Amino acid sequence: MAAQATKAPASAGHQPTTPETAGPKEGGELGNGLRPRHLTMLALGGVIGAGLFVGSGTGLRVAGPAIIVSYALAAGLALLVMRMLGELAANMPASGSFSVYAERALGKWAGFTAGWLYWWVTVIAIAIELIAASSILHQWLPAVPQWTFALVALAVFTIANMLSVASFGEAEFWFAGIKVAAIIAFLALGVTAMCGALPGVHSPGLDNITGHGGFVPQGWNSIVAGLLAVVFAFGGMEVITMAAAESGDPARSVTKAVNSAIWRISLFYLGSIAVIVALLPWDSAEPGRSPYVAVLDRLGVPGAGRLIEVVVLIALLSAMNANLYGASRMAHSLAARGDAPRALLRTSRRGAPRLAVAASAAFGFCSIALDHAWPERILPFLAKAMGGAMLFMWLTVAVAHLVLRRRLERDSPEALVVRMRGYPYLSWTAVVGIVTVLVLMALDVKARGQLGWSALLVLVLLGIAAVRSMPFGSAPKARGELRDQPRPTRS
């Protein structure tokens, strides 16, 4: 799965240009203020979120100790997708990421569908994370209305994203750093307890893994059920390839970030789950309650619940910030290709797409009113609307990689500054894996509804794309479109 960097001529990939400093303009260029350290932490922070800290409890209850197998399968699939996206982003950086690659590989309809699917799902994710984060803050300070916390939080992050890409990168760097530090501390404490070196704590050895019904207490089918429960926790990593287009050296930055993120994500995810499985009896896990809190309580850590609440709050705010960035860049890219209103192309002197940021934050502001009117009802509905959309986007990445890698090797092999090892076998492995998960979702009663909502959304977008492709439905191309199109040597 490792990537090889090869020397290539300077013209191998287009680099993002420096934004005009004369003021906002319709075809404004994005900035390039992200540094390698921002991208590395962004890759880590994008997938270390509330899904890991809280959602892992549901998976543990479903599959028992065998949940670590479910996580390993999900992580392997996610890292294959990250590797393919990393190669494409290094060779042809674009703020629209896989939407641009889908358009180049399959046609305009594919780029339109993938782009708007991502934008819609991401703005819903912003609303979900906003509501969840404000709920935690309201529990701490019940005298302050929940909508106040939500309004202030979203306003702060919207303004930060409007200032410059550097302000976004710096915020994500520190957010991700706190999450990573929390995971490292948990791993260190857990390993110490497992070795019997923690004062006052008896090491359970393998009792929690082999006891309580064995390693697979719920049967081998539970591994599949666990996979469906945890695979969505790995969503969010695609934002790193969007961010690469706004760095000074996209090829080197994204390659370094992906390589670093792959082993760190494997360590943090699988390592922390292994610690939980070893220290916490699976049948004591409570869905909706963080197993990290349960483990820390067993180890006698004072205030464990509040500590994890702080980490979860930071994870939610971090994810909301990253999703607002990703949605705004996708909106800007769609506008550049004529698939969204031209106004979204406007950028500030610092290269920030302010109108695209405002448009992407708009649904989040609407969700505040919806949650106030129907508390505890809007969040589950929004979650169902997201469904399996992430898997459809991953499938788009894999198919685009198969097409574009073959095209580049045939027409301009010198343009391949980064190569994914194991091509095409690992790419096809990812396709088979993603399709398998989609089929499993269709066969699972609990997941079938979410898959149905996502499939319906995809069909609607495909229908709109088909109408737009007709002579009377064609939209004029935006002036910024050429920036997200391949050079002649790559077509």
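See the structure shown above.
The rules behind these values
- Residues numbered from 1 in each chain as written.
- Predicted model: local features only at pLDDT ≥ 70, side-chain atom pairs only at ≥ 80, totals over all residues.
- Heavy atoms only, no water.
- Helix = DSSP H or I, 4+ residues; strand = E, 2+ residues; numbered from the N terminus.
- Buried < 20%, exposed > 50% of the residue type's maximum accessible area, 1.4 Å probe, protein only.
- Contact = heavy atoms within 4.5 Å.
- Patch = residues over 30% accessible without salt bridge, like charges linked within 9 Å, V, L, I, M, F, W, Y side chains within 5 Å.
- Areas by Shrake-Rupley, 256 points an atom, 1.4 Å probe, with all protein chains shown as cover.
- Salt bridge = Lys/Arg side-chain N within 4 Å of Asp/Glu carboxyl O.
- Axes fitted to C-alpha atoms, helices over the stretch in contact; angles between N-to-C directions.
- Parallel < 35°, antiparallel > 145°, perpendicular 65-115°, else oblique.
- 1 Å grid on protein atoms, 1.4 Å probe; cavity = no way out; pocket = protein on both sides within 12 Å on 5 of 7 lines; lining within 4 Å.
- Points joined across faces, edges and corners; volume = space filled by probe spheres on them.
- Nonpolar A, V, L, I, M, F, W, Y, C, P; charged D, E, K, R; others polar.
- Expected span 1.5 Å × (residues − 1).
- Left-handed = near helix turned anticlockwise from the far one by under 90°.
- Core = buried A, V, L, I, M, F, W, Y, C linked by side-chain atoms within 4.5 Å.

Trainee: What is the right way to look at the overall build of the protein chain in this model?
Mentor: For the protein chain, the helix and strand inventory stands at 19 helices and 2 strands. Within the protein chain, the proportion of its 491 residues that are buried is 55%. Relative to all contacts within the protein chain whose residues are 6 or more apart in sequence, the contacts with residues 24 or more apart total 83%.

Trainee: Quick question: what am I supposed to make of a nonpolar patch on the surface here?
Mentor: A cluster of nonpolar side chains, contributed by Phe 381, Trp 453, Leu 456, Val 460 and Ile 464, occupies part of the molecular surface with about 490 Å² of accessible area. In terms of residues, the nonpolar patch owes the most to one element, helix H19 (residues 445-469), which gives 4 residues. Mapped onto the fold, Leu 456 is located in helix H19. A relative accessible area of 46% places Leu 456 in the partly exposed class.

Trainee: What should I look at first to understand the pattern of salt bridges in this one?
Mentor: Two side chains carrying opposite charge are able to pair once their charged atoms lie near each other. Scanning the entire structure with this criterion turns up 9 salt bridges. Glu 409 is the salt-bridge partner of Arg 405, the closest N and O atoms lying 2.9 Å from each other. Taken as a pair, Arg 405 and Glu 409 lie in helix H17 (residues 389-411) at a separation of 4 residues, close to a single helical turn. Residue Glu 409 is classed as partly exposed on the basis of its relative accessible area of 33%.

Trainee: Looking at this model, I keep getting lost on the packing of helix H4 (residues 67-91) against helix H12 (residues 250-279). Mind explaining?
Mentor: Remark: H4 packs on H12, axes separated minimally by 10 Å, with the N-to-C direction vectors making an angle of 175°. Taken as axis vectors, H4 and H12 run roughly antiparallel relative to one another.

Trainee: Before we go on, may I ask you to explain the layout of surface pockets in this structure?
Mentor: Empty space left among the atoms is revealed by rolling a probe the size of a water molecule over them. The calculated volume of the second largest pocket comes to roughly 280 Å³. Looking at the second largest pocket, it is lined by 15 residues, and the ones nearest its centre are Trp 109, Thr 113, Phe 392, Thr 396 and Val 458. When grouped by side-chain class, the residues that make up the lining of the second largest pocket number 13 nonpolar, 2 polar and no charged.

Trainee: Honestly, helix H13 (residues 291-298) in this entry has me stumped. Any pointers?
Mentor: Within an α-helix, residues lying three or four positions from one another point in the same direction, as the helix has 3.6 residues per turn. The buried fraction of H13 amounts to 6 of the 8 residues, a majority that puts the element mostly inside the structure. Every buried residue of H13 is accounted for by Pro 291, Tyr 292, Val 293, Ala 294, Val 295 and Leu 296. In this structure, the buried residues of H13 make contact with helix H2 (50-53), helix H3 (56-63), helix H8 (165-194), H12 and helix H14 (304-336).

Trainee: How should I be thinking about H4 in this particular structure?
Mentor: When the terminal C-alpha atoms of H4 are compared, their 36 Å separation across 25 residues agrees well with the 36 Å that a helix rising 1.5 Å per residue should span. Of all 25 residues making up H4, 20 are buried, and the element is well covered by its neighbours.

Trainee: Got a minute to help me understand the environment of Ala 153 in this structure?
Mentor: Structurally, Ala 153 is set in helix H7 (residues 146-163). The class for Ala 153 is buried, based on a relative accessible area of 16%. Residues Ala 153 and Leu 130, spaced 23 residues apart in sequence, show a C-alpha to C-alpha distance of 7.7 Å. Those residues in contact with Ala 153 that lie beyond four places of it in its chain are Leu 130, Leu 317 and Met 320.

Trainee: Just checking my understanding: could you explain the packing of H4 against H17 for this structure?
Mentor: For any two helices packed against each other, one specifies the crossing angle of their axes together with the interaxial distance. At a minimum axis separation of 10 Å, H4 and H17 run at an interaxial angle of 45°. One way to sum up the angle between H4 and H17 is to call them oblique. Of the two possible hands of crossing, H4 and H17 adopt the one that is left-handed. Between H4 and H17, the contacting residues are Leu 77, Ala 78, Val 81, Met 84, Leu 85, Glu 87 and Leu 88 on the first element and Trp 394, Val 397, Ala 398, His 401, Leu 404 and Arg 405 on the second.

Trainee: Looking at this structure, how should I read unusual backbone geometry?
Mentor: Working note: non-glycine residues mostly have negative phi, and peptide bonds are mostly trans. Residue Pro 424 follows Tyr 423 across a cis peptide bond; omega there is 0°. Tracing the backbone shows Pro 424 in the loop between strand E2 (418-420) and helix H18 (425-443).

Trainee: Teacher, can you tell me more about the nonpolar core here?
Mentor: Inside soluble globular proteins, nonpolar side chains tend to come together where they are buried. In this structure, Phe 98, Tyr 101, Leu 117, Phe 234 and Trp 394 are the most contacted members of the largest nonpolar core, which totals 150 residues. Here this core takes 19 residues from H14, the largest share from any one element. Ignoring anything within four residues of it in the chain, the contact list for Tyr 101 reads Leu 85, Leu 88, Ala 89, Met 92, Pro 93, Ala 94, Ala 400 and Leu 404. Membership of the second largest hydrophobic core comes to 6 residues, among which are Ile 124, Ala 127, Ile 128 and Leu 382.

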